[in-house]
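Each chain, letter by letter, is given below.
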Amino acid sequence: MAEDNTFLKRLCIAFSVIYGILGGVTLGIGIVASSSDEAKDFDTTNGIVICCVNGSLVLLLALLGVFGVYKKKKWALRVYTVFLILHAIGCFRVLPAMSAVQSEINGAEAQFRELTPLNRADQKTQKAINKLQTVAECCGLLSYEDWRDSIPQSCHCPPDYEDRASKCHRVQQSRDNWADLKQSYDRDSAMSEVEVYKEPCGPIILKYLEMGIMFVTRLIVTFVVVLVLSTILHLMFNCQINNPAAVKPMTVTQDPKPPPYNPVDNQFVQLCPQ
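Residues numbered from 1 in each chain as written. Predicted model: local features only at pLDDT ≥ 70, side-chain atom pairs only at ≥ 80, totals over all residues. Heavy atoms only, no water.

A. Representation of the overall build of the protein within the structure. For the protein, the count of helices and strands is 9 helices and 2 strands. Buried positions account for 31% of the 274 residues belonging to the protein. The contacts of the protein with a sequence gap of at least 6 include a subset with a gap of at least 24, amounting to 71%. When the accessible surface of the protein is totalled, it reaches about 18,300 Å², and 61% of it is carbon and sulfur. (Helix = DSSP H or I, 4+ residues; strand = E, 2+ residues; numbered from the N terminus. Buried < 20%, exposed > 50% of the residue type's maximum accessible area, 1.4 Å probe, protein only. Contact = heavy atoms within 4.5 Å. Areas by Shrake-Rupley, 256 points an atom, 1.4 Å probe, with all protein chains shown as cover.)

Below, the structure is given as structure tokens:
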């Protein structure tokens, strides 16, 4: 029974460590997102706060679980188990919401169209899209035509761009808009075409959103599996502490009656010299 108790104890500690690692991953995501310049351009404050708070709480609970199992503290095990159950319930409620977010992503093209034309969008949106166009080498949400005749410099292919033939194409640029392009081209030149990136930014945004949703969904599913198994193991360990197996005492068989008298033994004693 002692060997079974030791194995269960190690198994509970192992699952608490795994639970803490998942919490550290969640906390790390929140810290990285909070320090990212790209995240500041979007409304991600709620998500960052949730990741940081949830990750910190999970780390503390994992330490409480390890302490309760190692020291066999019943109160710590009970508190830890209650929070595991509550966390599992929360994860089960979040999973359907992730499916709803995935459905919204599939219909994001209509939302992209609502933002066009981009040259009339608010400054915050234009700043975020310009930054994305520079980093991802794309233009517009659905095409470069989203900017109408005000294609920004972030859409232009660099003069020394290596993949110019495959990733850039020439488009007609309105001469009335030359003054807004920071004099990038000679106004007196007869050339009225510019080279912009072929690929739109909308599919790139959707790709990264789908990757993010898939990662979060898998993380939540992993949390659920660890939470369910860890709850069962800690309940079993807590039951063993509350109802320890009785140790059977060692019994020594003794006959209270003396052995029967044998005259042969008496004769043997008389023959032996003192």
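B. View of the packing of aromatic side chains. On inspection of all chains with the given rule, the structure shows 3 aromatic pairs. With a centroid separation of 6.2 Å and 55 degrees between ring planes, the pair formed by phenylalanine 67 and tryptophan 75 is classed as tilted. Judged by relative accessible area, which is 35%, phenylalanine 67 ranks as partly exposed. Site record: aromatic cluster; members linked through ring pairs are Tyr19, Tyr80 and Phe223. (Phe/Tyr/Trp six-rings, centres within 6.5 Å; stacked < 30°, edge-to-face > 60°.)

C. Representation of unusual backbone geometry in the model. Note the cis peptide between threonine 116 and proline 117, where omega equals -5 degrees. Mapped onto the elements, proline 117 comes out in the loop between helix H5 (108–115) and helix H6 (123–136). Of note, glutamate 137 is a non-glycine position whose phi angle comes to about 55 degrees, a positive value. Position of glutamate 137 among the secondary structure elements: in the loop between H6 and helix H7 (164–167).

D. Structural detail: a nonpolar patch on the surface. Together, Phe67, Trp75, Val79, Val82, Phe83, Ile85, Leu86 and Ile89 line one region of the surface with nonpolar side chains, adding up to about 720 Å² of accessible area. Considering every element that reaches the nonpolar patch, the biggest residue donor is helix H4 (residues 74–106), with 7 residues. Note on placement: tryptophan 75 falls in helix H4. (Patch = residues over 30% accessible without salt bridge, like charges linked within 9 Å, V, L, I, M, F, W, Y side chains within 5 Å. Salt bridge = Lys/Arg side-chain N within 4 Å of Asp/Glu carboxyl O.)

E. Up close: the pattern of salt bridges. Evaluated as defined, the whole model comprises 1 salt bridge. Across the salt bridge formed by arginine 170 and glutamate 195, the nearest N and O atoms sit 3.9 Å from each other. One end of the pair, arginine 170, is in strand E1 (residues 168–172); the other, glutamate 195, is in strand E2 (residues 193–197), and 25 residues separate them in sequence. Taking relative accessible area as the criterion, arginine 170 reaches 47% and is therefore assigned partly exposed.

F. Up close: the environment of leucine 84. Position of leucine 84 among the secondary structure elements: in helix H4. As for leucine 84 and glycine 65, which are separated by 19 residues in sequence, their C-alpha atoms are 9.9 Å apart.

G. Quick look at the pairing of E2. In terms of burial, E2 is a largely internal element, 4 of the 5 residues being buried. Here 5 bridges tie E1 to E2, and the two strands are oriented antiparallel to one another. Paired with valine 171 across the bridge in E2 is valine 194. (Pairing = 2+ DSSP bridges.)

H. Representation of the packing of helix H3 (residues 45–71) against H4 in the model. Contact geometry for H3 and H4: axes closest at 8 Å, N-to-C directions at 145 degrees. The two elements H3 and H4 meet at a crossing, and its hand is left-handed. Across the interface between the two elements, Asn54, Val58, Leu61, Ala62, Leu64, Gly65, Phe67, Gly68 and Val69 of H3 pack against Trp75, Ala76, Leu77, Val79, Tyr80, Phe83 and His87 of H4. Residue classes in the contact of H3 with H4 are distributed as 12 nonpolar, 4 polar and no charged. (Axes fitted to C-alpha atoms, helices over the stretch in contact; angles between N-to-C directions. Left-handed = near helix turned anticlockwise from the far one by under 90°. Nonpolar A, V, L, I, M, F, W, Y, C, P; charged D, E, K, R; others polar.)

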